[in-house]
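Remarks on the overall topology
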Amino acid sequence: MNRENYSEAQGFIVTYKSLNEPLLFNELNGRCPGLKLLDRGEDSAAFTVPDYAAVVSEIRREDFIFLQHIHPFMCKCEITGSASDFSEFAKMLEGIRPYVAKEDTLTCQCRIAARRMMEYSNGELTNLLTSLLEKENYTVSLQDADTAVSLTIFDHFAYLGISCLADNCSDRAGGVLFYSKTDDIICRAEFKIEEAFKVFDVNVTKGMKALDLGAAPGGWTHYLSKRGIFVDAVDPAELNESVVRRENVAHYKMTAQEFAEKYVENAYDIIVNDMKMDTNESIDILCDMSRHLKTNGICLLTLKLPKQGVQKRINVARKVLSSKFEIVRVRQLYYNRSEVTVFVKNKLS
Ligand SMILES: C[S@@+](CC[C@H](N)C(=O)[O-])C[C@H]1O[C@@H](n2cnc3c(N)ncnc32)[C@H](O)[C@@H]1O
């Protein structure tokens, strides 16, 4: 799929956490000129845009914090919510065929974001589009896809588009993830770090050293130690027994402030911080600890958002962190609830 085809996009669909809709709309309107709100669904909205390629460039320049997924749409049709819509979807698919290259590996991502019941499911729509494309000898594969054919269903209209999967902010429809809760998982927080590592493209190798601030009950420490990383886990609360027993985990049963005063001797490759505390305080502690971060080291932290003044709080956090670190990225990820995840990279000295 050639990005030049973005010039054919009439607009785009964004998906987000409903609670943060106003924050995302502010970000979009402030950074993308000429947007018009066209339609709205459960946790998604459609905008028209004069130049979708400019939106993609803007996302690449700096993340939109509250955006979980985006796809362009080249076609739109009216729907009834019954199986009679299928012929309309097939027609729309014909409409985007000129933009699909035979060498593309496609994934069909269908999502019902309507506020009313439909007579079909996401899975049925995905099967429909997949079978129509396969009939025309296109390669459709979940694993190695580079191109997304995305269909989003609102109450009265459906929107279909094609895009490079890498431009969608998530390689899952609507940014929705389904990590499976195996017996090996300590707590849901483990999914947060797994998602963050993927989104921020964090590469780790065996033998690295990590500091985990606010480590209990131990999900993040567990995730890191399973990858062969030595973890100093700091939290006054208890860690899960199976985590404490791991050879490459040391639990410091104290606050991060106490640890900073007494124990820090190591240079760390990674510092993670999921402490439940005021964002300003949490950032001050991290900035102080950054003395112990190796050149090229990285930090991952969550900021627990206040009820009011969220944007201002994030702006302050970004400013303080930017004075200390080279790269600062902030995103609300799928597994974040009332928080955002921040990724920072140490300055090269
Ligand atoms: C959301 S939990 C962390 C979950 C953890 N990341 C995991 O994967 O299991 C927040 C933790 O922050 C810890 N915490 C709060 N204030 C702290 C402080 N000053 N120093 C260290 N830990 C603190 C709490 O004890 C709590 O266990």
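Residues numbered from 1 in each chain as written. Predicted model: local features only at pLDDT ≥ 70, side-chain atom pairs only at ≥ 80, totals over all residues. Heavy atoms only, no water.

Let's shift gears to the overall build of the protein chain. Counting secondary structure elements, the protein chain contains 10 helices and 16 strands. In summary, the protein chain has a C-alpha radius of gyration of 22 Å against a globular reference of 20 Å for 349 residues, a match within 12%. Projected onto the principal axes, the alpha-carbon positions of the protein chain cover approximately 70 × 40 × 40 Å. The buried share of the protein chain, reckoned over its 349 residues, is 55%. (Helix = DSSP H or I, 4+ residues; strand = E, 2+ residues; numbered from the N terminus. Rg over C-alpha atoms; globule rule 2.2 N^0.38 Å. Buried < 20%, exposed > 50% of the residue type's maximum accessible area, 1.4 Å probe, protein only.)

This paragraph deals with the pairing of strand S3 (residues 44-48). Burial analysis of S3 places 4 of its 5 residues in the buried class, the great majority of the element. Pairing of strand S1 (residues 11-15) with S3, which is carried by 5 bridges, proceeds in the antiparallel orientation. Opposite Phe-12, over in S3, you have Phe-47 as the bridge partner. Across 4 bridges, the pairing between strand S2 (residues 36-40) and S3 is antiparallel. Residue pairing for S3: Leu-37 is matched across the bridge by Phe-47. (Pairing = 2+ DSSP bridges.)

Our focus in this paragraph is the packing of aromatic side chains. With the rule as written, the count across this model stands at 15 aromatic pairs. Judged by centre distance (5.5 Å) and plane angle (55°), the rings of Phe-86 and Tyr-120 are tilted. Here Phe-86, found in helix H3 (residues 86-96), pairs with Tyr-120, found in the loop between strand S6 (105-112) and helix H4 (122-135); they are 34 residues apart in sequence, far enough to count as distant. In this structure Phe-86 comes out as partly exposed when scored by relative accessible area, which is 23%. Seen from their ring centres, Phe-200 and Phe-343 are 5.3 Å apart, and the 10° between their planes marks the pair as stacked. Placement of the pair is Phe-200 in the loop between helix H5 (189-199) and strand S10 (209-213) and Phe-343 in strand S16 (residues 339-346), with a sequence separation of 143 residues. Taking the relative accessible area as the measure of exposure, Phe-200 reaches 4% and is therefore buried. Through a chain of ring-to-ring contacts, the aromatic side chains of Tyr-6, Phe-12, Tyr-16, Phe-25, Phe-47 and Tyr-52 assemble into a single cluster. Geometry around Phe-157 places Lys-76 over its ring, the cationic atom sitting 4.4 Å from the centre. Of note, Lys-102 hangs over the ring of Tyr-138, and the distance from its end group to the ring centre comes to 4.0 Å. (Phe/Tyr/Trp six-rings, centres within 6.5 Å; stacked < 30°, edge-to-face > 60°. Lys NZ or Arg CZ within 6 Å of the ring centre and 35° of its normal.)

This brings us to the sheet that holds strand S7 (residues 139-140). Taken in spatial order, the 5 strands line up as S5-S9-S8-S6-S7 in an open sheet, and their pairing is mixed. Of all strands in the sheet, those bounded by a partner on one side alone are strand S5 (75-78) and S7. In this structure, strand S8 (residues 147-153) lies alongside strand S9 (residues 157-164), joined through 7 bridges in antiparallel fashion. Paired with Thr-147 across the two strands is Cys-164, which belongs to S9.

Neighbouring strands of a sheet are bound in pairs by backbone hydrogen bonds; such pairs are parallel or else antiparallel. Taken together, 7 strands build an open sheet; the order of strands is S12-S11-S10-S13-S14-S16-S15 and the sheet is mixed. The open sheet has two free edges, formed respectively by strand S12 (249-252) and strand S15 (325-331), since each of these has just one partner strand. When the angles between neighbouring strand axes are averaged without regard to direction, this sheet yields 15°. As paired elements, strand S14 (residues 293-304) and S16 share 7 bridges and run antiparallel to each other. Note that in S16 the partner of Leu-303 across the bridge is Val-340. On top of the sheet, helix H9 (residues 279-289) reaches S10, strand S13 (268-273), S14 and S15; it is set at about 170° to S14, its chief contact. (Axes fitted to C-alpha atoms, helices over the stretch in contact; angles between N-to-C directions. Contact = heavy atoms within 4.5 Å.)

Moving on, we come to the pairing of S9. Most of S9 sits out of view: 7 of its 8 residues are buried. With 4 bridges joining them, S5 and S9 adopt antiparallel strand pairing. Its bridge partner lying in S9, Lys-76 is registered against Tyr-159. The turn linking S8 back onto S9 is made up of 3 residues.

Taken domain by domain, the protein chain holds domain 1 (3-175) and domain 2 (189-346). With 13 residues of domain 1 at the contact, the number on the domain 2 side is 15 residues. Together domain 1 and domain 2 conceal approximately 1,200 Å² of surface at their shared face, both sides included; 44% is due to carbon and sulfur atoms. If you sort the residues of domain 1 by the area they bury against domain 2, Lys-17, Asp-63 and Ile-65 come out on top, with a joint share of 46%. At the boundary of domain 1 with domain 2, the tally comes to 9 residue pairs in polar contact (both at pLDDT 80 or more). Each residue belonging to the side of domain 1 that touches domain 2 can be placed in one class, and the counts come to 6 nonpolar, 3 polar and 4 charged. (Domains from an automatic or database assignment. Buried area = accessible area lost by both parts, 1.4 Å probe. Polar contact = N/O pair within 3.5 Å; in protein donor to acceptor, adjacent residues only side chain to side chain. Nonpolar A, V, L, I, M, F, W, Y, C, P; charged D, E, K, R; others polar.)

On to the packing of H3 against H4, then. Where H3 contacts H4, the axes come no closer than 11 Å and their chain directions differ by 45°. Taken together, H3 and H4 sit at an angle that is classed as oblique. Crossing hand, H3 versus H4: right-handed. Where H3 approaches H4, its residues Phe-86, Phe-89, Ala-90 and Leu-93 are matched on the opposing element by Leu-125, Leu-128, Leu-129, Leu-132 and Leu-133. Here the residues of the contact of H3 with H4 are counted per class, giving 9 nonpolar, no polar and no charged. (Parallel < 35°, antiparallel > 145°, perpendicular 65-115°, else oblique. Left-handed = near helix turned anticlockwise from the far one by under 90°.)

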